[in-house]
Amino acid sequence: MESRILQLLNSDPTKSWSVKQLCRKLLLKDRMSKQKAAFFLEDLAGEGDIIFTSDARYQAKDTADRLIGKVDHVNPRFAFIVIEGREDDIKVTTDKLNDALDGDQVEVAITSTRGGRAEGRVTNIIERSKKDWVGKIELLPRYAFVVPDNKKIYKDVFVPLEKTKGAKHNDKVIVKIDKWSDDRNKNAVGTVTRVLGASGENEAEIHSIMAEYGLPFEFPKRVLKEAERIPDEISAEEISKRRDFRNITTFTIDPFDAKDFDDALSLRKLDNGNVEVGVHIADVTHYVQPNTQLQAEAYDRATSVYLVDRTIPMLPERLSNQLCSLRPNEDKLTFSAVFELNENAQIQKEWFGRTIIHSDRRFTYEEAQERIETQEGDFHEEIIELNRLSKIIKDRRFSNGAIAFETIEVKFKLDDNGKPLMVIPKERKDAHKLIEEFMLLANKRVAEFVFNSKKKGDAKSPTFVYRTHDYPNTEKLESFGSFAKRFGHQFKMSETGVSKELNKLMAEIQGKPEQNVLEQLAIRSMAKAIYTTEPLMHFGLAFDHYSHFTSPIRRYPDMMVHRLLQHYLDGGKSVSAPEYETECEHSSDREKRAAEAERASIKYKQVEFMENAPEKAYEGVITGVTEFGIFVEITETRCEGMVRMMDMDDDYYEYDEKNMRIIGRHNKQMFSLGDKVYVRVKHTDINRRTIDLIFSQKEHE
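Quick look at the structure, then. (Residues numbered from 1 in each chain as written. Predicted model: local features only at pLDDT ≥ 70, side-chain atom pairs only at ≥ 80, totals over all residues. Heavy atoms only, no water.)

## Considerations on the overall build of the protein chain
Link 1 in the chain: Across its full length, the protein chain carries 17 helices and 34 strands.
Link 2 in the chain: For 701 residues, the compact-globule formula gives about 27 Å, and the C-alpha radius of gyration of the protein chain, at 29 Å, lands near that figure.
Link 3 in the chain: The proportion of buried residues among the 701 residues of the protein chain is 50%.
Link 4 in the chain: Considering only contacts in the protein chain between residues 6 or more positions apart, those separated by 24 or more positions represent 64%.
Link 5 in the chain: For the protein chain, the accessible surface area stands at approximately 34,900 Å², while carbon and sulfur atoms represent 47% of it.
Link 6 in the chain: With 109 positive and 121 negative side-chain charges, the protein chain shows a separation of 4 Å between the mean positions of the two kinds. (Helix = DSSP H or I, 4+ residues; strand = E, 2+ residues; numbered from the N terminus. Rg over C-alpha atoms; globule rule 2.2 N^0.38 Å. Buried < 20%, exposed > 50% of the residue type's maximum accessible area, 1.4 Å probe, protein only. Contact = heavy atoms within 4.5 Å. Areas by Shrake-Rupley, 256 points an atom, 1.4 Å probe, with all protein chains shown as cover. Lys, Arg positive; Asp, Glu negative; His and termini not counted. Charge placed at Lys NZ, Arg CZ, Asp CG, Glu CD.)

## Here's the deal with the pattern of salt bridges
Link 1 in the chain: Per the stated rule, a full pass over the model turns up 44 salt bridges.
Link 2 in the chain: Arg-310 is paired through a salt bridge with Glu-203; the nearest N and O atoms lie 2.5 Å apart. Placement of Arg-310 in strand 19 (residues 310-312) and of Glu-203 in helix 4 (residues 202-212) is noted, with a sequence separation of 107 residues between them.
Link 3 in the chain: As a salt-bridge pair, Glu-297 and Arg-301 come within 2.8 Å of each other at their nearest N and O atoms. Taken together, the residues span about one helical turn, with Glu-297 and Arg-301 both in helix 8 (residues 293-301) at a distance of four residues. For the pair formed by Glu-297 and Arg-301, the shared burial category is buried. (Salt bridge = Lys/Arg side-chain N within 4 Å of Asp/Glu carboxyl O.)

## Looking at the environment of Ile-509
Link 1 in the chain: The residue Ile-509 is located in the loop between helix 14 (498-508) and helix 15 (515-525) in this model.
Link 2 in the chain: Under the relative-accessibility criterion, Ile-509 is labelled buried at 0%.
Link 3 in the chain: When the C-alpha positions of Ile-509 and Glu-519 are compared, they lie 8.8 Å apart, and in sequence the two are ten residues distant.
Link 4 in the chain: Once you skip the residues sitting within four places of it in the chain, Ile-509 turns out to touch His-489, Glu-514, Gln-515, Leu-518 and Glu-519.

## A short note on helix 4
Link 1 in the chain: For helix 4, a buried count of ten out of eleven residues is recorded, marking the element as mostly surrounded by other parts of the structure.
Link 2 in the chain: Against strand 9 (132-139), strand 12 (171-179), strand 13 (189-198), strand 18 (305-307), strand 19 and helix 17 (577-611) lie the buried residues of helix 4.
Link 3 in the chain: With its phi angle positive at about 70°, Gly-214 sits one or two positions after the end of helix 4.

## A short note on the nonpolar core
Link 1 in the chain: The biggest cluster of nonpolar side chains holds 74 residues, and the ones touching the most others in it are Leu-319, Leu-434, Phe-438, Phe-464 and Phe-549.
Link 2 in the chain: A per-element tally of this core places helix 12 (residues 430-451) first, with ten residues.
Link 3 in the chain: The next biggest cluster of nonpolar side chains, apart from the first, holds 36 residues, and it includes Val-423, Ala-594, Phe-609 and Met-645. (Core = buried A, V, L, I, M, F, W, Y, C linked by side-chain atoms within 4.5 Å.)

## Regarding the sheet that holds strand 30 (residues 653-656)
Strands pair in a sheet through their backbones, by hydrogen bonds, and they do so in one of two ways: parallel or antiparallel.
Link 1 in the chain: What the three strands build is an open sheet, ordered 30-31-32; its pairing is antiparallel. Each end of this open sheet is capped by a strand with a single partner; those strands are strand 30 and strand 32 (670-672). Recorded for the sheet is a direction-independent mean angle of 20° between the axes of neighbouring strands.
Link 2 in the chain: Here strand 31 (residues 661-664) runs beside strand 32; their pairing, made up of three bridges, is antiparallel. Of the residues in strand 32, the one forming a bridge with Ile-663 is Met-670. (Pairing = 2+ DSSP bridges. Axes fitted to C-alpha atoms, helices over the stretch in contact; angles between N-to-C directions.)

## A look at the packing of helix 8 against helix 17
Link 1 in the chain: Where helix 8 contacts helix 17, the two axes come as close as 8 Å, and the packing angle between them is 60°. With respect to their mutual orientation, helix 8 and helix 17 come out oblique. Taking contact as the criterion, the partners of Tyr-299, Asp-300 and Arg-301 in helix 8 are, on helix 17, Thr-582, Glu-583, His-586, Arg-590 and Arg-593.
Link 2 in the chain: Looking at side-chain class alone, the contact of helix 8 with helix 17 contains one nonpolar, two polar and five charged residues. (Parallel < 35°, antiparallel > 145°, perpendicular 65-115°, else oblique. Nonpolar A, V, L, I, M, F, W, Y, C, P; charged D, E, K, R; others polar.)

## A few points about the sheet that holds strand 17 (residues 275-282)
Link 1 in the chain: An order of 14-21-20-17-16-15-22 is seen for the seven strands of this open sheet, with the pairing classed as mixed. The outermost strands of the open sheet, each flanked by one partner alone, are strand 14 (243-244) and strand 22 (361-364).
Link 2 in the chain: Both strand 20 (residues 331-341) and strand 21 (residues 347-358) contribute to a ladder of eleven bridges, which runs antiparallel. Among the inter-strand pairings, Phe-335 is bridged to a residue of strand 21, identified as Arg-354.

## Considerations on unusual backbone geometry
Link 1 in the chain: The phi torsion at Phe-379 lies on the positive side, around 60°, for a residue other than glycine.
Link 2 in the chain: By the secondary structure assignment, Phe-379 is in the loop between helix 10 (365-374) and helix 11 (380-399).
Link 3 in the chain: Exposure remark for Phe-379: the relative accessible area of 23% places this residue in the partly exposed category.
Link 4 in the chain: One non-glycine residue, Ala-542, lies in positive phi territory at about 60°.

## A few points about the side chain of Asn-321
Link 1 in the chain: With respect to the element layout, Asn-321 can be found in helix 9 (residues 317-323).
Link 2 in the chain: You can call Asn-321 buried: its relative accessible area is 18%.
Link 3 in the chain: For Asn-321, the residues in contact, after removing those within four places along its chain, are Lys-259, Asp-260 and Arg-327.

## So, the side chain of Thr-533
Link 1 in the chain: Residue position: Thr-533 is located in the loop between strand 26 (530-532) and helix 16 (556-569).
Link 2 in the chain: A polar contact is formed between the side chain of Thr-533 and the side chain of Glu-581, at a distance of 2.5 Å.
Link 3 in the chain: Those residues in contact with Thr-533, other than ones at most four positions away along the chain, are Thr-463, Phe-464, Tyr-466, Ala-577, Tyr-580, Glu-581 and Cys-584. (Polar contact = N/O pair within 3.5 Å; in protein donor to acceptor, adjacent residues only side chain to side chain.)

## Looking at the environment of Val-223
Link 1 in the chain: Considering the arrangement of structural elements, one finds Val-223 in helix 5 (residues 221-228).
Link 2 in the chain: A C-alpha to C-alpha distance of 5.6 Å links Val-223 and Leu-294, two positions 71 residues apart in sequence.
Link 3 in the chain: Setting aside residues up to four positions removed in sequence, Val-223 forms contacts with Gln-293, Leu-294, Glu-297 and Pro-316.

## Overview of the pairing of strand 28 (residues 629-634)
Link 1 in the chain: For strand 28, the buried fraction is high: five of the six residues fall into the buried class.
Link 2 in the chain: Pairing of strand 27 (residues 618-626) with strand 28, which is carried by six bridges, proceeds in the antiparallel orientation. Along strand 28, the bridge assignment pairs Gly-620 with Ile-634.
Link 3 in the chain: Here strand 27 hands over to strand 28 after two residues, the two strands then running antiparallel side by side.
Link 4 in the chain: Two strands pair when backbone bridges link them, and strand 28 and strand 29 (residues 640-644) are joined in this way by five bridges, in the antiparallel orientation. The residue of strand 29 that forms the bridge with Phe-631 is Met-642.
Link 5 in the chain: Hairpin connection of strand 28 to strand 29: five residues between the antiparallel strands, including Arg-638 at a positive phi of 60°.

## As for the pairing of strand 34 (residues 690-695)
Link 1 in the chain: One ladder, built from two bridges, connects strand 29 with strand 34; its direction is parallel. Following the sheet pairing, Val-643 is matched in strand 34 by Leu-693.
Link 2 in the chain: Bridge count between strand 33 (residues 676-685) and strand 34: six bridges; the pairing is antiparallel. Counterpart to Thr-684 in the pairing with strand 34 is Ile-691.
Link 3 in the chain: Hairpin geometry of strand 33 and strand 34 is characterised by an intervening segment of four residues between the two adjacent antiparallel strands and by a positive phi of about 55° at Arg-689.

This is how it looks when you write it as C-alpha cells:
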C-alpha cells in the first residue's frame, strides 16, 4: 500500500490529492482498505516523506529535497544508493526500496542520519537497469520460478507454466519481466523468452553470462549483408592516394590463435644510419563508413569481448578476419605512424597517414621470441633490432615515471566440450613487450601530434579522443601502503615519488606468493582509465597525452581517432566536443561491461575447474576480510573462494574492520589480509559462480 501511494504521488509531484481521490485512483473500494490508505498517508506525512497541505490534501515532497542515484543492493537486508558527486552513499533498507532492484536509477529521499550515515527511502524508480534477467528455472506442479544468476537480485521471478517456453527443470533461461509487483512481499511476474540449455553445460553457462551482461548473440542480418557487399579488390585509384610500403620488410606478431591482425611493423635501414619503423594499423574506417549499418553496430558494441572460449567481435568476420586483417602475402590498406629513429631510439622525424602494405610473414609470439633468443631464423635481424629499440624506449618511459604493472593473468586449457583441464599463467616475454612498446609509442605520438596542431588564433587544441588515467586517490594509496606492510613490504607515500615507490615494490614481489594479491590491490588503488575529449594526463604510462590508435578492429575509440586524425591531416577545423564526449562515455561504459563479462567467464571456469580438482589442502593467501567471511586465493590455481564465518565453528570470531582481520573471542586466533593459509574446497556453485572453502591443516606428503 505504502509503495503504491508513493508511486502515485511521485508520478506527478506538482499535484495534490484528497484521501478520497487517492482511494479512487488506487481502486480501493472496501472500508478496510480505505482506512489502511488513510493510515499510511498520515504515517508518510509524519515521517516527512510526503507533504500534508493546508487544505488537507497530500502531495509528493518537493523534488528539490530528493536525490537521484543508482541502487547497489549489497545484501538481502539493505542497499546503498550511489549518487554521483556525493562522497557518502545513502543506506536504504530493503523494505524501503519501493521494489527497486540492483542497478536501477532511482529518486531517493533522506529520512534520517544515524552515526553520520544518511538513511533514506526510494520515492521513485526513474529507469530500470534491465527488463530481462538470466537465471535457472525451477518447475513446480502449478507454476515456475526463475532464480536470477545475479547475486544482487534477492527475489525470484514468478512464471506461469504456459509462459516457460518449454524449458526443463534447472535449465538456464532469459526471463522478461511483464509486471512488477505493487506488494513488496510478492514476486515480479515474467515470461521466458529464450531457453539457453541445461544448467552446468558450457554453452548454457557462457550464453548466460552473455545474456547477463547484455552481450549480442549474433550480428543482425542487415549488418552481415552490408559487410558482404564490400568488394575485395583495392582499386588503383585508392592505391595512388596512399604511401606505398609494399616493398619494405613488414610482418605481424600475434598470439598463435589470433585471426584478426590489426597491427604490423615494418623496418628498413636508411642511408644516414638511422632506421625507419612503421607502425601499420588496419584501415577499418576505409571500409566502415559513417551513416551505415556497420557503423551503427560497431558504435553500439564499441569493443570486442574476449570470453574464455570465444570472442564476441565488434565487427563481422568479413571485416575482422578478412578485409581488415593484415594477413601475410596480401595487399592491405592501413593507417600508419612512421618514425625515423636514431641509434638511441630517439625520434628524428615522424609521419602519419594512409598507406598500403604487404606483410611478408605472420609470426606468433613464440616464433618471434625464438628469433630473439636464438638469433636465428627468417627476419631475425629485424626482430632483434626492433627488440633492442623497444627496450631503450621502455627504459626511457620508466625513467619518466611509468608504472610497471605486470599482473598475473591466467588462461584455461579446455577440452572439446569446454571443460577446463588446466589453468595456465600467461607469460609475457620480450616479443610481447616489443609489440607493446611500439603500440604505446604510436598511440602517444598521435595524441601529441593532434594536441600540438592548434592553429594560429585558436583558443585551444582541436577536439580529439584521449585515453586518460588520473592521479590515484591519496587515501586509497595510504590504505594500499598499510596492506603492503602486512606482507613485509614498505610503500612510502609522497607526491613526487608514487611511481618510483610502486615500481620498487612491484619488483620486490615478483615471483612471491603475494604478488598477485598486491598487484590487484595496487590496481584497485589507481583511478580508472577512461576515454574523454579532455586532454588530460595518463598517470600509469607517465604520458602528458595518450590515445588509442592501434586496435580499430576491436575498439571503437580507435575508429574515432582514425577519422579525427585524417580530418586534421586534411586541414579540417576542430569538431564538436560534446558529440565526441558522448561517444567517449559510451565507449568507456562498454569497456567496463566487457571487462565484467570477461571476469565472469573466468570465474565460471575457475569454479568448474575447482569442482573437479583433487580433494586436498591447498595453500592460499587471504585477499579480503569481511564481516561475513574471508576471501582466499589458492596459489596453485589462482582461483578465489570464500571461507564463510558460519563455517568457522571452532570459536566465535569478531570482525576488526579497521585492521582488516578477524579475531577469535576465546582462542585469540587472528586471520588478517595477506596471511598464508591452507584451505579445502567445501562446495562449488556454478550458477552463482562461487567457491566455498574451509580452513585446513597443511598436509605433509
